[in-house]
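# Structural characterization, general
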Amino acid sequence: MEFSKFDVSSLMEITKRPDLLFVRGSGSWLEDQNGKRYLDFIQGWAVNSLGHSSPEMVLALREQSQLLINPSPAFYNIPSINLASRLTSNSCFDRVFFANSGAEANEGAIKLARKWGQINKKGAYKIITMKDSFHGRTIATMSASGKPGWDSIFKPQVDGFLKAEINNISSVESLIDNNVVAIMLEPIQGESGVIPANIEFLKDLRILAKKHDLLLIVDEVQTGMGRTGKLFAYQYSDIEPDIMTLGKGIGGGLPLSALLAREEVCVFAYGDQGGTYNGNPLCTAVGLAVFDIISKKEFLDSVLRKADRLSKGLMHLSNKYSLLGERGFGLLRALVLSSNDANHIVEEARNLTPEGLLLNAPRPNLLRFMPSLNVTDAEIDLLLEKLDYIFERISKD
Ligand SMILES: *Cc1c(COP(=O)(O)O)cnc(C)c1O
């Protein structure tokens, strides 16, 4: 079955896609239309926390789909109540609003902060975000993002987002005025290349926000739900943010996201916030199955052990081929290349035979690794072996 049999002309082209299509997935492996297998270190961009079609998720989907799929968000349902209480009892937050994507959760965070500003800060509405940050692809979250070029593609932007520099507290402080209501950041900038906010910076932000009566919002869409080896990345710094957003891994591959806030911040009035699919029992039942696996201490410990294996292996490759090192927390890691051939390596990896390898290059000089959180040691070793082979080949070119 060749790719040319398929007519893709009815699809809106929004990104350059390779001439293959995936028909099956299991754990760390994807299979294409010709039966070729690929070791997947993208996992839907850090989405499939338990890998492709994990048995636990499939079971939750099957059971819940036979019971109740969508009664409407204007009625309570059991899985959403249970998942919300799991999240609040394992974090510093008191209440949860479920949504369907990271961008939608962040929109909710922005709305909540603005509403809080109307009530508590004489209508202050501006939010300080970071240069090179990524918060989603709706108009408001693109405006909140600091991705170069995004200030003009769909102009005019949504007003009220000021850009500071990550790990530079005075760049944040100098932007504060009476119209500022919140500071929002990713604990580790994911899309811009796995750039961690350091712990001192997060602590300083917490102090600064308190001093000026601002809300501190962490976007943990990529870093949350065990990805870094703790349930949430903010827990590395011992701070308590006021608002947090979750996405990606929370649904293990299903569209599910969440907006969490401390009680004092939960100021939405009836009608301020909603959405047709929000908190539906099908997705939250799967979220529950995912949560009950990844929140176990032994599971999080295993994420850290695997991260260590991956980190050491990448560092070894970096030394062997004179690359510029590796970084990250848990199973969100990046390897910094010494030249801009990341896209070339992504292609070489995919084209390996008999088994391909799926990698992501968020920057021209950077490879990002986001395996499932239950990736095996053998799969990590296989990744490293395949990378070694590619670097070896490239170094001879
Ligand atoms: C992926 C991502 C988003 C957007 O999530 P979507 O589900 O694609 O809307 C927002 N913030 C961060 C940090 C992300 O990594």
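What counts, and where the lines are drawn
Residues numbered from 1 in each chain as written. Predicted model: local features only at pLDDT ≥ 70, side-chain atom pairs only at ≥ 80, totals over all residues. Heavy atoms only, no water. Pairing = 2+ DSSP bridges. Helix = DSSP H or I, 4+ residues; strand = E, 2+ residues; numbered from the N terminus. Domains from an automatic or database assignment. Contact = heavy atoms within 4.5 Å. Buried area = accessible area lost by both parts, 1.4 Å probe. Salt bridge = Lys/Arg side-chain N within 4 Å of Asp/Glu carboxyl O. Near = heavy atom within 4 Å. Polar contact = N/O pair within 3.5 Å; in protein donor to acceptor, adjacent residues only side chain to side chain. Areas by Shrake-Rupley, 256 points an atom, 1.4 Å probe, with all protein chains shown as cover. Nonpolar A, V, L, I, M, F, W, Y, C, P; charged D, E, K, R; others polar.

### A closer look at the pairing of strand S16 (residues 360-363)
Examined bridge by bridge, S16 and strand S17 (residues 366-369) share two bridges and lie antiparallel to one another. Opposite Arg363, over in S17, you have Leu366 as the bridge partner. Taking the residues between adjacent antiparallel strands as the criterion, S16 and S17 are bridged by two residues.

### Considerations on the domain arrangement of the protein chain
By convention, interface size is frequently given as the accessible area that disappears when the constituent parts associate. In terms of domain boundaries, the protein chain breaks down into domain 1 (18-47 + 339-368 + 375-397) and domain 2 (55-294). For domain 1 versus domain 2, the separation of C-alpha centres amounts to 30 Å. Every contact between the two is made by seven residues of domain 1 and, on the other side, twelve residues of domain 2. Surface buried jointly by domain 1 and domain 2 totals about 810 Å² across both partners, of which 53% is contributed by carbon and sulfur atoms. Summed over the three residues of domain 1 that lose the most area to domain 2, namely Ala46, Val47 and Arg368, the buried surface amounts to 63% of that side. In this structure, the connection of domain 1 to domain 2 is made through two salt bridges.

### Remarks on the site of the ligand
The full set of residues close to the ligand is Ser101, Gly102, Ala103, Asn106, Phe134, His135, Gly136, Glu186, Asp219, Val221, Gln222 and Lys248. With respect to the ligand, the side chain of Asp219 contributes an N or O atom lying 2.8 Å from a nitrogen atom. Protein contact buries 81% of the 380 Å² of open area that the ligand shows by itself. Among the elements that make up the shell around the ligand, the one with the highest residue count is helix H4 (residues 102-120) (three residues). Classifying every residue of the shell around the ligand by side-chain character gives three nonpolar, six polar and three charged.

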